[in-house]
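Geometric and topological summary
Residues per chain, in single letters:
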Amino acid sequence: MDAPPPVLEDLARSVLELDREGAVRAAGEALLAGVPPETAITAGLAEGMRRVGERFAAKVYFVPEVLVAGRIFYAAMEVLAPHVARQPDAAGTMVCAVVEGDFHDIGKNIVKLMVEAAGFRVVDLGKNVPAERILEAVERERADLVGLSTLMTPTLDRMARTVKILKERTSAAVLVGGAPVDRAFAAKIGADGTAPDAAGAVALAREFAGRRRR
Ligand code: B1M
């Protein structure tokens, strides 16, 4: 297997070291080097956020540093996102949201970007979204799919409640994800599927949209 391009390490390190200029510069260099923007986002920037998480867990970083890292992530993602190759629209409509109580939206925004690039219309409700607002949007937009995200264990029960309401009241397929979500949890709360990353979310979205068309 080829070694990862050094620019991916530059991206990850810039996020970790809270170096905004370095991250934006590395994002441009990644594009010039022909690194797919999806790879630069997931293997570069998101890897940097993962390392930031380690420093936070080790009490080396605190909330202010983590906030800055998130802003740097978005500044570099702004350079990369317009270059993600897009399939023609037609795949279906997904409503996506981070569940109520949770303000972590970086992972959800990567999923949104990739699902949109795969040709879906995505209605993004943002973060900290109550189940009732999600239900309303799914009905209004006649969504085929819902993508729910949460990063925290205390908000897993909000995710469960949201899935329950959506499955009772709509026919949309409900996909769930985020670091504390696994297949056993997804099955337990009655979600239609889960994936560990954005590429997996795209594969699931395609699978469920295809089933609905048959
Ligand atoms: Co906080 N935070 N945070 N945080 N934060 C975590 C989640 C935490 C694990 C850190 C830790 O303690 N080690 C911890 C939660 C612990 C727990 O619940 N067990 C935590 C905490 C405690 C908190 C606060 C309570 C801290 C405080 O205030 N004392 C507070 C909570 C605020 C709230 O939400 N109510 C808080 C605040 C913040 C910031 C605002 C500073 C910032 C968020 C900025 C933002 O999102 N705009 C932040 C951050 C950045 C993190 C860490 C460091 C990084 C999260 C991240 O962006 N990861 C995080 C530590 C960690 O995760 N290791 C942590 C990168 C991102 C690309 O990955 O989001 O996992 P992720 O997304 C992936 C996959 O999960 C998947 O695909 C994505 C792309 O590959 N995926 C899906 C996501 N959604 C999906 C949906 C799908 C499928 C796949 O289908 C629909």
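Residues numbered from 1 in each chain as written. Predicted model: local features only at pLDDT ≥ 70, side-chain atom pairs only at ≥ 80, totals over all residues. Heavy atoms only, no water.

Thoughts on a nonpolar patch on the surface
Selection rule: Exposure above 30% relative accessible area and the lack of any salt bridge qualify a residue for a patch; like charges then connect within 9 Å, and the nonpolar side chains Val, Leu, Ile, Met, Phe, Trp and Tyr within 5 Å. With residues, only the protein chains shown are counted as cover, and all accessible areas are computed by Shrake-Rupley using a 1.4 Å probe. Between Lys or Arg on one side and Asp or Glu on the other, a salt bridge is scored when a side-chain nitrogen of the former is within 4 Å of a carboxyl oxygen of the latter. Secondary structure elements follow DSSP: runs of H or I no shorter than four residues count as helices, runs of E no shorter than two count as strands, and numbering proceeds from the N terminus. Note on classification: 1.4 Å probe, protein chains only; a residue is buried when its accessible area is under 20% of the maximum for its type, exposed when over 50%, partly exposed between these limits.
On the surface, Phe56, Val63 and Leu67 cluster together into a nonpolar patch covering about 280 Å² of accessible area. Within the element layout of this structure, leucine 67 appears in helix 4 (residues 63–80). Residue leucine 67 is classed as partly exposed on the basis of its relative accessible area of 47%.

With respect to the sheet that holds strand 2 (residues 120–124)
Note the threshold: Only when DSSP finds a minimum of two bridges between them are two strands counted as paired. Any two residues whose heavy atoms approach within 4.5 Å at even a single point are treated as in contact. Helix axes use the C-alpha atoms of the stretch in contact, all axes being lines fitted to C-alpha atoms, and the angles between their N-to-C directions lie in the range 0 to 180 degrees.
An order of 2-1-3-4-5 is seen for the five strands of this open sheet, with the pairing classed as parallel. One side of each edge strand has no neighbouring strand; the edge strands of this open sheet are strand 2 and strand 5 (193–194). Two strands pair when backbone bridges link them, and strand 3 (residues 145–149) and strand 4 (residues 173–177) are joined in this way by five bridges, in the parallel orientation. If you follow leucine 148 over to strand 4, its bridge partner there is valine 176. Against the sheet, helix 5 (residues 106–117) engages strand 1 (92–98), strand 2 and strand 3, with an angle of about 155° to strand 2. In this fold helix 6 (residues 131–141) packs onto strand 1, strand 2 and strand 3, with an angle of close to 170° to the strand it touches most, strand 1.

Things to note about the layout of surface pockets
Convention followed: Here a cavity denotes grid points, spaced 1 Å and computed from the protein atoms alone, that fit a 1.4 Å probe unable to get out, and a pocket denotes an open set having protein on both sides within 12 Å along at least 5 of 7 lines; residues with an atom within 4 Å of a point are the lining. Grid points are joined across faces, edges and corners, and a volume is the space filled by probe spheres set on the points. Each residue is assigned to one class: nonpolar for Ala, Val, Leu, Ile, Met, Phe, Trp, Tyr, Cys and Pro, charged for Asp, Glu, Lys and Arg, and polar for all the others, Gly among them.
Of the pockets and cavities examined, the largest pocket occupies roughly 1300 Å³. Surrounding the largest pocket, 43 residues form its lining, His104, Asp105, Ile106, Gly107 and Leu151 being those nearest its centre. At the level of elements, helix 3 (37–57), helix 4, strand 1, helix 5, strand 3, strand 4, strand 5 and helix 9 (198–213) are the ones that each hand at least two residues to the lining of the largest pocket. Per-element tally for the lining of the largest pocket: the top contributor is helix 3, with seven residues. The residue inventory of the lining of the largest pocket, partitioned by class, reads 25 nonpolar, eleven polar and seven charged.

Considering the environment of valine 24
Checked against the element boundaries, valine 24 lands in helix 2 (residues 20–32). For valine 24, a relative accessible area of 31% translates into the label partly exposed. Placed 51 residues apart in sequence, valine 24 and alanine 75 show a C-alpha to C-alpha distance of 6.6 Å. Not counting residues within four places of it along the chain, the set of residues in contact with valine 24 comprises Ala75, Ala76 and Val79.

Points about the packing of helix 4 against helix 5
Convention followed: Orientation categories follow fixed angle ranges, with anything under 35 degrees roughly parallel, anything over 145 roughly antiparallel, 65 to 115 roughly perpendicular, and all other angles oblique. By convention, the crossing between two helices is left-handed when the near helix turns anticlockwise from the far helix through less than a right angle, and right-handed when the turn is clockwise.
One way to put it is that helix 4 packs onto helix 5 with a least axis distance of 11 Å and a crossing angle of 15°. Our classification of the angle between helix 4 and helix 5 gives roughly parallel. Seen from above, helix 4 lies across helix 5 with left-handed handedness. For the pair helix 4 and helix 5, the contacting residues are Gly70, Phe73, Tyr74 and Met77 in the first and Ile106, Asn109, Ile110 and Leu113 in the second. Looking at side-chain class alone, the contact of helix 4 with helix 5 contains six nonpolar, two polar and no charged residues.

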